[in-house]
Amino acid sequence: MVDVIIAGCGPTGAMLAAELRLHDVRVLVLEKETEPKSFVRIVGLHVRSLELMAMRGLLERLLPHGRRRPAGGFFAAIAKPAPKDLDSAYAYLLGIPQPVVERLLEEHAVELGAQVRRGRAVTGLEQDDEGVTVELADGERLRARYLVGCDGGRSTVRKLLGVGFPGEPSRTETLMGEMEADAPQEEIAAKVAELREIHPFWLRPFGGGVYSVVVPAGGVGDRAQPPTLEDFRQQLRAVAGTDFGVHSPRWLSRFGDATRLAERYRVGRVLLAGDAAHIHPPIGGQGLNLGVQDAFNLGWKLAAQIRGWAPDTLLDTYQAERRPVAEDVLDNTRAQTELLSAEPGAQAVRRLLTELMDFDEVNRHLIEKITAIGVRYDFGEGPDLLGRRLRDIDVKQGRLYDLLHRGRGLLLDRTARLTAGGWSDRVDHLADPTAALDVPCVLLRPDGHVAWVGDDQQDLDAHLARWFGTPLLKASPAPK
Ligand SMILES: Cc1cc2nc3c(=O)[nH]c(=O)nc-3n(C[C@H](O)[C@H](O)[C@H](O)COP(=O)(O)OP(=O)(O)OC[C@H]3O[C@@H](n4cnc5c(N)ncnc54)[C@H](O)[C@@H]3O)c2cc1C
């Protein structure tokens, strides 16, 4: 019996495993595939995900594998630069191959003590008051206190739970792959530039005659089967009038633009995260980011539940906080999809929005959505900072995010007279009158969101109890 079984070792599952291990939770990750994915999908880690990585000391590992790009220009691919004073110390996008993100997150989880077993597909589950029995494809049965389905858009766990996944089916399909092309690079570049109105369509050179190719699927091939090289040739000819002499594919895939959201994120001892809970078109590059952020929200709460200090309602705040964020992402991808349509009406709306984005407020609002730094959880009445994430700021020991590597709460106290008291086994206290904050004191949750703002000890104690449960230790005196 382990504490948590995670189905799926994609980015969401690997991030969650690492977050749980920070709290000594025994984690077993079961991954259907025997080998890591070979699809070199280049994803963008947006500002909030970069912040999360910095909060766990992972950013330095990722940076050498990616390319920093400006943070703006992602909403419906409208080319507007981000506002100069974007509220983050990590105000850029990191373009990085998804398999690298997955490998580094998995390595991090394993270093922290998570077990990952490959070639192990979850096929069944049963739950009772004490735990969940998970059945694997080979008939083996394993037991855990909780199960989290991080098993992607076609999630077996979600289906086994009978959780509805309403939304819209795929309307357009796209072919994506990596292959060699014999046509001269200049000819390919000229054709891609000429056809830039067609979306999505590109051939991006990787060097050595190898290209990342994306082309609308039209009606080619069987949607249930992986595409063939001939499907790519046929569609390239249909769109560009030539197949550029493509050959020697490294990998070929197809994706759609279905938009769906799980009706529930939790059924008893089983939870859903990442693509298992929500799918949407890749426009804006948000899916992986959203999943990793789900894992960040869930990890410390599930750990608290297992460690026995979670307040009764804490685990349910996972759905209450994350489902509205996913709803918002689904909506913004719906809007972006419309803005990419070649219909005259949609093009007119696109031109109008492009004009509106010259207003800083509009541009900022959209980029804060895409990068997720605008997320504000509903923690009730309070100052604007309440429920938001706090940017990385200078503190007397260096940087704030460096103090969050262990995944604990943090009281950042400019008054130097408050105390985390009996919660000091779960919450660190930094008395720092020099901290670059414009409020007296904030209580940060392990995910970096502001759980309280104020200067009153009694009020603070009530909020410590709300988020971190009953105090276990005798209160320690306020720092001198
Ligand atoms: C073309 C394209 C471009 C994209 N670009 C971006 C981008 O720029 N930025 C971004 O944020 N997102 C992007 N995305 C989305 C992103 O790839 C996904 O949102 C992300 O992979 C979701 O991660 P996940 O861990 O939740 O699920 P997955 O990555 O799907 O991982 C699920 C894992 O579970 C395993 N599994 C499945 N069933 C079982 C089972 N029964 N038992 C055990 N294991 C199982 C799978 O093998 C897989 O390893 C893009 C997607 C596409 C298609």
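Attention here is on the structure that accompanies the text. No experiment lies behind these values; they were computed from the predicted model shown. (Residues numbered from 1 in each chain as written. Predicted model: local features only at pLDDT ≥ 70, side-chain atom pairs only at ≥ 80, totals over all residues. Heavy atoms only, no water.)

Broken down by element type, the protein carries 12 helices and 24 strands. In terms of overall dimensions, the protein is globule-like: its C-alpha atoms have a radius of gyration of 24 Å, near the 23 Å expected for 480 residues. Across its three principal axes, the protein shows a C-alpha extent of roughly 75 × 60 × 40 Å. The buried share of the protein, taken over its 480 residues, is 55%. Summarising the internal contacts of the protein: among those between residues at least 6 apart in sequence, 70% fall at separations of at least 24. Total accessible area on the protein stands at roughly 20900 Å², and carbon and sulfur atoms take up 50% of it. If the 60 positive side-chain charges of the protein are averaged to one point and the 68 negative ones to another, these points end up 2 Å apart. (Helix = DSSP H or I, 4+ residues; strand = E, 2+ residues; numbered from the N terminus. Rg over C-alpha atoms; globule rule 2.2 N^0.38 Å. Buried < 20%, exposed > 50% of the residue type's maximum accessible area, 1.4 Å probe, protein only. Contact = heavy atoms within 4.5 Å. Areas by Shrake-Rupley, 256 points an atom, 1.4 Å probe, with all protein chains shown as cover. Lys, Arg positive; Asp, Glu negative; His and termini not counted. Charge placed at Lys NZ, Arg CZ, Asp CG, Glu CD.)

With that settled, the discussion passes to the environment of V395. Tracing the backbone through its elements, the reader meets V395 in strand β19 (residues 394-395). Classification of V395 by relative accessible area gives buried; the value is 8%. For the pair V395 and A436, spaced 41 residues apart in sequence, the C-alpha to C-alpha distance is 6.9 Å. Not counting residues within four places of it along the chain, the set of residues in contact with V395 comprises L400, L403, L412, L430, D432 and A435.

For the rest of this paragraph, the subject is the sheet that holds strand β4 (residues 67-70). In spatial order, the strands read β3-β5-β4; together these 3 strands make up an open sheet with antiparallel pairing. Taken across any chain shown, the strands that pair with only one partner, and hence form the sheet edges, are β3 (42-45) and β4. Going from strand to strand, the sheet's axes swing by 35 degrees on average, the running direction of each strand aside. Bridge count between β4 and strand β5 (residues 92-97): 4 bridges; the pairing is antiparallel. Bridging across to β5, R67 finds its partner in G95. (Pairing = 2+ DSSP bridges. Axes fitted to C-alpha atoms, helices over the stretch in contact; angles between N-to-C directions.)

Turning our eyes to something else, we now look at the site of the ligand. In the vicinity of the ligand there are 30 residues, among which E31, R41, Q98, L288 and N289 approach most closely. One nitrogen or oxygen atom from the side chain of K37 is found 3.5 Å from an oxygen atom belonging to the ligand. Take G287: an N or O atom from its main chain is 3.2 Å from an oxygen atom of the ligand. Against a free-state accessible area of 1000 Å², the protein chains account for coverage of 88% of the ligand. Listing elements by their share of the shell around the ligand, those giving two or more residues are α1 (11-21), β2 (27-31), β3 and α8 (287-307). The biggest single contributor to the shell around the ligand is α8, with 3 residues. Of the residues contributing to the shell around the ligand, the split by class is 10 nonpolar, 12 polar and 8 charged. (Near = heavy atom within 4 Å. Polar contact = N/O pair within 3.5 Å; in protein donor to acceptor, adjacent residues only side chain to side chain. Nonpolar A, V, L, I, M, F, W, Y, C, P; charged D, E, K, R; others polar.)

Turning to helix α4 (residues 98-111), a few remarks are in order. Its 14 residues give α4 an end-to-end C-alpha distance of 20 Å, which sits within 8% of 20 Å, the value for a rise of 1.5 Å per residue. Within two residues after α4, G113 carries a phi angle of roughly 110 degrees, on the positive side. (Expected span 1.5 Å × (residues − 1).)

Another aspect to go through is the sheet that holds strand β11 (residues 174-181). Consider a sheet: its strands pair through backbone hydrogen bonds, and that pairing is either parallel or antiparallel. Pairing in this open sheet of 4 strands is antiparallel, and the strands run β12-β13-β11-β14 from one edge to the other. Sheet topology places β12 (202-207) and β14 (246-255) at the edges, where each strand pairs with a single neighbour. With direction set aside, neighbouring strand axes in the sheet form an average angle of 20 degrees. Bridging between β11 and β14 involves 7 bridges; their strand directions are antiparallel. Bridging across to β14, A181 finds its partner in V246.

Time to look at the packing of α8 against helix α9 (residues 317-339). For the pair α8 and α9, the least separation of the axes is 10 Å and the interaxial angle reads 170 degrees. Here α9 runs roughly antiparallel to α8, going by the angle between their axes. Residues L290, Q293, D294, N297, L298 and K301 of α8 form the contact with α9, whose own contacting residues are T317, Y318, E321, R322, V325, A326 and V329. Of the residues belonging to the contact of α8 with α9, the class tally is 6 nonpolar, 3 polar and 4 charged. (Parallel < 35°, antiparallel > 145°, perpendicular 65-115°, else oblique.)

With that settled, the discussion passes to the nonpolar core. L302 and L412 are the most contacted members of the largest nonpolar core, which has 119 residues in total. The element that contributes the greatest number of residues to this core is α8, accounting for 11 residues. One finds A181, A183, L229 and F244 within the second-largest nonpolar core, a separate group that totals 22 residues. (Core = buried A, V, L, I, M, F, W, Y, C linked by side-chain atoms within 4.5 Å.)

For the structure shown, the criterion picks out 41 salt bridges. The partner of R21 in a salt bridge is D24, and the shortest N-O contact between them spans 3.5 Å. Using a relative accessible area of 16% as the deciding quantity, one classes R21 as buried. Among the ionic pairs, D384 bridges to R388, the shortest N-O distance being 3.0 Å. Classification of R388 by relative accessible area gives partly exposed; the value is 23%. (Salt bridge = Lys/Arg side-chain N within 4 Å of Asp/Glu carboxyl O.)

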